[in-house]
Structures are given as C-alpha cells and as structure tokens.
Amino acid sequence: MTITTPPDLLAHWTREDADNHAAHTVVVLPVGAFEQHGPHLPLATDTILVEEVARRAAALVPGTVVGPSFSIGSSDHHLPYGGTASLSTNTLIDALTDAVESLLTSGFASVFLLNGHGGNVEIIRLVARDVGIRRKAFAGSGSYFQLAADRLKAAGASEIGLVPGHAGAFETSMMLAIRPDLVRLSSVPHRELPTAGWAGPKAYHLATPAPFRAPDGFSDSPDEGTAERGAEFLSICVDVAREALADFAAVVTRTEG
C-alpha cells in the first residue's frame, strides 16, 4: 500500500491517515474566542487570526498538522458589551485538556496549543503543563502575539496602538490583510488616547471592572490600522510561530528517537 502525504488540516484526514502518520505528527490546536470587537470587526476575529497564523506556520513545518479550532474562549470580561460567548476558566481548562489527552490517546506524537486571545494566555499554559506531567508526554503552548512581541515592536506595531490590544490598530490591520470583506470600514472609529496616567505593565496581576473603557469596547484607535501594516504583522507572526513549532517538533522527534 502506498502511504501518501495527508492533507494540511486534520479535519480532512481519514482514520487511515491517522494510523499511518499520527505517531510522527504534532497537532496544532488554534485557540481563539467569540467576542465583541468594537463596531467594525467580527465576533470571530481572534479565531480567524489564530487559524490563519496556524495554517501558514504549520504548512512550513514538516510533521505538523492543524487540528480543530477552539472558537469560544475565556471572554467573560466582554459580556457587558454584548455579542459574546464565553466559557468559564474551569470549563475551558477541562475542554482543552480532554481534547489534548484524546489526541494523545489516539496516537499523535504531541499537541501544541497556539493561542490568539489574551483571556486564554494563562489557561493554555496550565493545560499544556498539567497534561504533560500527567501523561508523561510533550505538550506545548504559546500565544502568537507574545511569541512575536519583540519583532512586532521592532516593526513599529506599538507606535500605532497596543499589541495585541483589542479591536485596535493591530487587530484591525491583521483583519484588513486577511479578511477585508469582514471589516466594516464605514464604522472604523477614532479615539485620541490619553498620554498621561499610563504606567505600563505591572509586576502583579490587576483585575479591573472596566478593561476597555466602556462603552467603546476597543483598546486603541482602530483607524490607525492598514492592510499593508497587517500583511507585515502577519508575516512576522507566522514566522515566529513557524520557529516555535519547528523547535517544538524537533524536541519531540529527538525524544522519540
């Protein structure tokens, strides 16, 4: 029997593909969100962006395949704005844990959680850590915007807004590059941001009842975003995700050997 290269998306594999390739394949699970993104971006923005980064990056790394996306994340902080579906922290941890463990049980070499939503950052780390310990297996996690932070800053992304921010210049630029048809250009807002009173990141976690200065629901001025900037940001994010996946896959392969 001839063993052919399976499709790039796990959803398009057959069980025979899995029998032939799972033991040498890392599954990349995109983890997004379903939440309000201001008056101009779609509710699935985080999922759309992380899926695009995952597909482009995994296509460049042999031995990886993109698995099913988690399109609902931890977004309770957006519920006051409407148009949001969210899972509690414990529910999302349980769901991601079950998904990762079932893929490992199905024979895949490992799983990498690639995240595209700020509310999921701590959760994916906990899931990968705990599954790895419990199953004595490799499980990886990373948020593409954190992986790319230094290179995005060098490219000037932080000069036009917060990175990744929320529905601001960064995400608007990325969406204009990937799915301009979903950006409501006539509704892209502008807002002058205060220059005083911002002390930068704190050394401790701060939970606040007003994360995005209601009633706007976006973190910085979206009209600073452009498709050209988005294409550059996307290229950077894909490249660093590729590097992370290649490094992770190499570690898994060396261990198997």
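Described in the following lines is the structure provided in the data block. (Residues numbered from 1 in each chain as written. Predicted model: local features only at pLDDT ≥ 70, side-chain atom pairs only at ≥ 80, totals over all residues. Heavy atoms only, no water.)

## Here we look at the nonpolar core
Residues Leu-114, Tyr-144, Leu-152, Met-174 and Cys-237 are the most contacted members of the largest nonpolar core, which totals 42 residues. Mapped by element, the contributors of at least two residues to this core are strand E1 (26-31), helix H2 (45-58), strand E3 (110-115), helix H5 (144-147), helix H7 (169-178) and helix H8 (227-256). Here this core takes 11 residues from H8, the largest share from any one element. For Leu-114, the residues in contact, after removing those within four places along its chain, are Val-28, Leu-29, Pro-30, Val-31, Val-50, Val-53, Ala-54, Gly-142, Tyr-144 and Leu-147. Core analysis: the second largest hydrophobic core is formed by 23 residues, Leu-29, Ile-93, Leu-103 and Val-111 among them. (Core = buried A, V, L, I, M, F, W, Y, C linked by side-chain atoms within 4.5 Å. Buried < 20%, exposed > 50% of the residue type's maximum accessible area, 1.4 Å probe, protein only. Helix = DSSP H or I, 4+ residues; strand = E, 2+ residues; numbered from the N terminus. Contact = heavy atoms within 4.5 Å.)

## Section: the pairing of strand E4 (residues 139-143)
Sheet analysis places E3 next to E4, joined by 5 bridges and oriented parallel. Residue pairing in the sheet places Leu-113 in a bridge with Ser-141 of E4. As for the winding sense of the linkage, the β-α-β connection from E3 through helix H4 (residues 121-135) to E4 is right-handed. (Pairing = 2+ DSSP bridges. Right-handed = clockwise from strand over helix to strand, strands pointing away.)

## Section: the pattern of salt bridges
Pairing between side chains of opposite charge can happen when the charged atoms of each approach one another. One pass over the structure, following the stated rule, counts 9 salt bridges. Its salt-bridge partner being Arg-15, residue Glu-16 comes within 3.5 Å of it at the nearest N-O pair. A salt bridge links Arg-242 to Asp-239; its shortest N-O distance comes to 2.9 Å. Here Arg-242 pairs with Asp-239, and both are found in helix H8, just 3 residues apart, close to one helical turn. For Arg-242, a relative accessible area of 25% translates into the label partly exposed. Relative accessible area serves as the criterion here: at 22%, Asp-239 is assigned to the partly exposed category. (Salt bridge = Lys/Arg side-chain N within 4 Å of Asp/Glu carboxyl O.)

## Considerations on the packing of aromatic side chains
Tallied over the entire structure, the rule returns 4 aromatic pairs. Between Trp-13 and Phe-108, the aromatic rings sit 5.8 Å apart at their centres with planes inclined by 40°, giving tilted as the arrangement. Residue Trp-13 is found in the segment before helix H1 (15-21), and its partner Phe-108 is found in the loop between helix H3 (89-105) and E3; the two are separated by 95 residues along the sequence. Grouping residues by exposure puts Trp-13 and Phe-108 together as buried. (Phe/Tyr/Trp six-rings, centres within 6.5 Å; stacked < 30°, edge-to-face > 60°.)

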